[in-house]
Amino acid sequence: MHLITHNLLARNAKGCTTNSFPLAFRDAHGQVEIQEQDINPDFVCNVLPRLEWKALIDAACQVGDESLPAEQPNMTDDELVQKLHYVLMEIHITEGAMVCSNCEHICPISNSIPNSKPDPKDSMEYFSTLPVAHLADMTDGNGHVMYGANSVAKKRARVD
Amino acid sequence: MIPTPDLSHLTKVDYDRVYEPAEDTFLFLDGLEQDAEHIRSLHPTVCLEIGSGSGCVSTFMGSILGPTGALYLCTDINQHAARCTVATGRQNKIPIDAINCSLTSSLLPRLRHSIDILLFNPPYVPTDGEEALDAQASGNISGAWAGGLSGMEITNKLLEEVNDLLSPKGLFYLVALKQNDIPAICAMMQDAFGLKSQTIIQRRAGREHLFILRFERQYVG
Ligand SMILES: C[S@@+](CC[C@H](N)C(=O)[O-])C[C@H]1O[C@@H](n2cnc3c(N)ncnc32)[C@H](O)[C@@H]1O
Ligand SMILES: [Zn+2]
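Quantities reported herein were computed from a predicted structural model and do not represent experimental measurements.

## Description of the confidence of the model for chain B
Okay, step 1: The pLDDT averaged across chain B works out to 96; a share of 99% of its residues lies at or above 70.
Okay, step 2: Complex prediction metrics read pTM 0.92 and ipTM 0.94.

Structure representation (structure tokens):
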């Protein structure tokens, strides 16, 4: 996960929809990787208005980078764009966790992927109007009859 | 011709757990390729794909816009799919961030009216509601197709969020099946959100009649 993505993630779950940004890193030290990437200054400038500066600075500090100024400068010069590119697009969090400061829910990160899946029970409620009692016979999905799509023989190629 | 992403790093074991690109995926690629010039002309900054599976579609979007052209975000309810998505991006040198979550939940608060390209090839197969629910709760491969009533139970949840997600110039591409009742989908999006729609490509594949729909805001004048 790039730090730019951290800046766009909030907890948004049943019972926690406000004050759930930013998520604080937990145990992110030592699980940070730098992956070089070409810079696209236009992209950096275009994405800047969508970011929360303070959350970005805090996140960068938490993973040991202090290259960005604490206050967002009015001008984005080349040097700032360079630094932003590095922080946003080259710092990766590969393992660790993030904690919601509102509900203290922990969102683990493994193989660079944050897991913010809903509780299965909340997922059932969200997608269903069925009574919650139905949960009693929830299974892990093994042994289900498959309908439709997969019984159709599929051509697994695209003609280039 | 924009080449189909290299998927040679994915194995049979991956496809036991993650949706293998099939006719729907390839029709999606063909539709996006057909729209490539239009997509580029909008200079998108943020692309989001829901249910990215193997990562084939977002990687393809990455070759339309270039590896550094935009931010490529993906979500999938299936953790193995999220992992394959990142791997496919890497294999094709497109940096993709994947999040293991349902629909757009954890991104919606911060990306309100910020998505320039939104993509969804949903679980569209009509199944009984319970099968769709179990698939959603467990995040396993049956979540790739089990769409519940009319195949629309998952898609409908996303349709409610599209208007909140799209930027003023944003485009939303959706894969749908004839049985999903495409006229009803389009009418709902128009009436509820003022989003106009168009079928950009369609194809019969075995028993499935597949459509790629494009939605966008309507500007008067
Ligand atoms: C038909 S497959 C498409 C996969 C890939 N995009 C493609 O075109 O080949 C549907 C995908 O949506 C995912 N999915 C199902 N329900 C979801 C949900 N609520 N949120 C996110 N992803 C979901 C499935 O795990 C699966 O990867
Ligand atoms: Zn919370």
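Alright, that's what it looks like, and here's the rest.
## Quick notes on the sheet that holds strand S6 (residues 195-205) of chain B
All names here are of chain B.
Okay, step 1: Read across the sheet, seven strands follow the order S3-S2-S1-S4-S5-S7-S6 without closing on themselves; strand pairing throughout is mixed. The two strands at the open ends of the sheet, each matched to only one other strand, are strand S3 (96-100) and S6. If you compare each strand with its neighbour and ignore which way they point, the axes differ by 15° on average.
Okay, step 2: Bridge count between S6 and strand S7 (residues 208-217): 10 bridges; the pairing is antiparallel. Across the sheet, the residue bridging to Ile 201 is Ile 212, located in S7.

## So, the packing of helix H5 (residues 120-127) of chain A against helix H6 (residues 129-138) of chain B
Okay, step 1: At a closest axis distance of 8 Å, the pairing of H5 of chain A and H6 of chain B adopts a crossing angle of 145°. Of the two elements, H5 of chain A crosses H6 of chain B, and the hand of that crossing is right-handed. Of the residues in H6 of chain B, those in contact with Pro 120, Ser 123, Met 124 and Phe 127 of chain A of H5 of chain A are Leu 133, Asp 134, Gln 136 and Ala 137 of chain B.
Okay, step 2: Here the residues of the contact of H5 of chain A with H6 of chain B sort into five nonpolar, two polar and one charged.

## Overview of the nonpolar core
Okay, step 1: Grouped together as the largest cluster of nonpolar side chains are 68 residues, with contacts concentrated most on Leu 3, Phe 25 and Leu 84 of chain A together with Leu 118 and Phe 172 of chain B.
Okay, step 2: Once residues lying within four places of it in the same chain are set aside, the contact partners of Leu 118 of chain B are Leu 48, Ile 50, Val 162, Leu 165, Leu 166, Leu 171, Phe 172 and Tyr 173 of chain B.
Okay, step 3: Core analysis: the second largest hydrophobic core is formed by 50 residues, Phe 28, Met 61, Cys 74 and Val 125 of chain B among them.

Calculation criteria
Residues numbered from 1 in each chain as written. Chains lettered and ligands numbered in written order. Predicted model: local features only at pLDDT ≥ 70, side-chain atom pairs only at ≥ 80, totals over all residues. Heavy atoms only, no water. pLDDT = per-residue confidence, 0-100. Pairing = 2+ DSSP bridges. Helix = DSSP H or I, 4+ residues; strand = E, 2+ residues; numbered from the N terminus. Axes fitted to C-alpha atoms, helices over the stretch in contact; angles between N-to-C directions. Left-handed = near helix turned anticlockwise from the far one by under 90°. Contact = heavy atoms within 4.5 Å. Nonpolar A, V, L, I, M, F, W, Y, C, P; charged D, E, K, R; others polar. Core = buried A, V, L, I, M, F, W, Y, C linked by side-chain atoms within 4.5 Å. Buried < 20%, exposed > 50% of the residue type's maximum accessible area, 1.4 Å probe, protein only.

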